[in-house]
Amino acid sequence: METVKSMTKFSLVKELNAVPNLSKSVRDKIIKNVINDQSIFQSLIEIAFDYNNEISIKACSILETTCEKRIDWLAFNLNYFIENLYKVKDESAIRSLAKICNLMMQDYDSKFDSPIKLIITNDQVSQLIETNFDWLLSNHKVSIKADAMEALYYLGNKISWIHYELKMILEKNLDDESPGYVSRAKKILEAISKNQAA
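Residues numbered from 1 in each chain as written. Predicted model: local features only at pLDDT ≥ 70, side-chain atom pairs only at ≥ 80, totals over all residues. Heavy atoms only, no water.

**Observations regarding the overall build of the protein chain**
Assigned secondary structure in the protein chain consists of 11 helices and zero strands. The C-alpha atoms of the protein chain give a radius of gyration of 18 Å, which matches the 16 Å a tight globule of 198 residues would have. Taken over the C-alpha atoms alone, the protein chain extends approximately 65 × 35 × 25 Å along its principal axes. A buried classification covers 47% of the 198 residues belonging to the protein chain. Restricting to contacts in the protein chain with at least 6 residues of sequence separation, those with at least 24 account for 67%. Within the protein chain, the 27 negative side-chain charges are centred at a point lying 5 Å from the centre of the 25 positive side-chain charges. (Helix = DSSP H or I, 4+ residues; strand = E, 2+ residues; numbered from the N terminus. Rg over C-alpha atoms; globule rule 2.2 N^0.38 Å. Buried < 20%, exposed > 50% of the residue type's maximum accessible area, 1.4 Å probe, protein only. Contact = heavy atoms within 4.5 Å. Lys, Arg positive; Asp, Glu negative; His and termini not counted. Charge placed at Lys NZ, Arg CZ, Asp CG, Glu CD.)

**As for the environment of Gln38**
Mapped onto the elements of the fold, Gln38 is located in the loop between α2 (24–36) and α3 (39–48). In this structure the C-alpha to C-alpha distance between Gln38 and Val182, which are 144 residues apart in sequence, comes to 38 Å. Ignoring anything within four residues of it in the chain, the contact list for Gln38 reads Trp73 and Phe76.

**Topic: the pattern of salt bridges**
Where charged atoms from two side chains of opposite charge approach closely, those side chains can pair. Scanning the entire structure with this criterion turns up eight salt bridges. Ionic pairing is found between Glu46 and Lys9, a salt bridge with its closest N-O pair at 2.8 Å. Here Glu46, found in helix α3, pairs with Lys9, found in helix α1 (residues 9–18); they are 37 residues apart in sequence, far enough to count as distant. The class of Lys9 is partly exposed, set by a relative accessible area of 37%. (Salt bridge = Lys/Arg side-chain N within 4 Å of Asp/Glu carboxyl O.)

**Quick look at the side chain of Asp107**
Assignment of secondary structure puts Asp107 in helix α6 (residues 91–109). One buried charged residue, Asp107, remains without a salt bridge, the closest side chain of opposite sign being Lys117 at 7.3 Å. In this structure, Asp107 is in contact with Ile71, Ser114, Ile116 and Lys117, ignoring residues within four places of it in sequence.

**Side note on the nonpolar core**
In summary, soluble globular proteins display a tendency toward joint burial of nonpolar side chains. With 66 residues, the main nonpolar core has Leu74, Phe81 and Met104 as its most contacted residues. Sort the elements by how many residues they give to this core and α6 lands first, with 10 residues. Contact partners of Met104, with chain neighbours within four places excluded, come to Ile71, Leu74, Leu78, Phe81, Ile116 and Leu128. (Core = buried A, V, L, I, M, F, W, Y, C linked by side-chain atoms within 4.5 Å.)

**Regarding a nonpolar patch on the surface**
On the surface, Phe76, Leu118 and Ile119 cluster together into a nonpolar patch covering about 340 Å² of accessible area. According to the relative accessible area criterion, Leu118 is exposed, its value standing at 64%. (Patch = residues over 30% accessible without salt bridge, like charges linked within 9 Å, V, L, I, M, F, W, Y side chains within 5 Å. Areas by Shrake-Rupley, 256 points an atom, 1.4 Å probe, with all protein chains shown as cover.)

**So, the packing of aromatic side chains**
Counted according to the given criterion, the structure contains five aromatic pairs. Geometrically, the ring pair formed by Phe49 and Phe81 is edge-to-face, given 5.6 Å between the ring centres and 75° between the ring planes. One end of the pair, Phe49, is in the loop between α3 and α4 (56–69); the other, Phe81, is in helix α5 (residues 78–85), with 32 residues separating them in the sequence. Judged by its relative accessible area of 3%, Phe49 falls in the buried class. (Phe/Tyr/Trp six-rings, centres within 6.5 Å; stacked < 30°, edge-to-face > 60°.)

**Topic: the packing of α1 against α3**
Where α1 meets α3, the closest approach of the two axes is 9 Å, and the angle between their N-to-C directions is 50°. Judged by the inter-axis angle, α1 sits oblique to α3. As for how α1 packs across α3, the hand of that crossing is right-handed. Listed contacts from α3 to Lys9, Leu12, Val13 and Leu16 of α1 are Ile40, Ser43, Leu44, Glu46 and Ile47. Tallied by class, residues from the contact of α1 with α3 come to six nonpolar, one polar and two charged. (Axes fitted to C-alpha atoms, helices over the stretch in contact; angles between N-to-C directions. Parallel < 35°, antiparallel > 145°, perpendicular 65-115°, else oblique. Left-handed = near helix turned anticlockwise from the far one by under 90°. Nonpolar A, V, L, I, M, F, W, Y, C, P; charged D, E, K, R; others polar.)

So this is what it looks like as structure tokens:
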């Protein structure tokens, strides 16, 4: 009987180092390994936040796609994830992390119970609010700002003052930002207006 060889943190690092750029096939293979063995997820997060290591950007990308499939797994590493968000400086890594925050806040705002909703603390929510406002107000690419504004919108469904602040910022920036930013901002402003009317 053949045993299935499980991936370790070392073998994950080795896989990420083996390729200069993550092709779709390599990416899919690593994601499949992570999805099939949840124990690798913790290692993936640790590698993603190893900012002095060039493979951390690749790990962030893998983490993003894994979280799209299993955002609930992040609940068990929530403290580590949130405490390290602000330390990441690479734009590509931040893009992936902003997307993960957006997914996490969609889950948090859901009407259904979830591990994230059950585990997240008020302090962690405050850190996420601060980080996402920082991403929105800083000089980042549109994709990061778009995910930040969307995450803040979902948080604002639970914490009302966020919608007020977010609306002010978005309306103020409509004339100065790119078409992509404006498009997403208008959708968020429309959603906030609908919430306030309800």
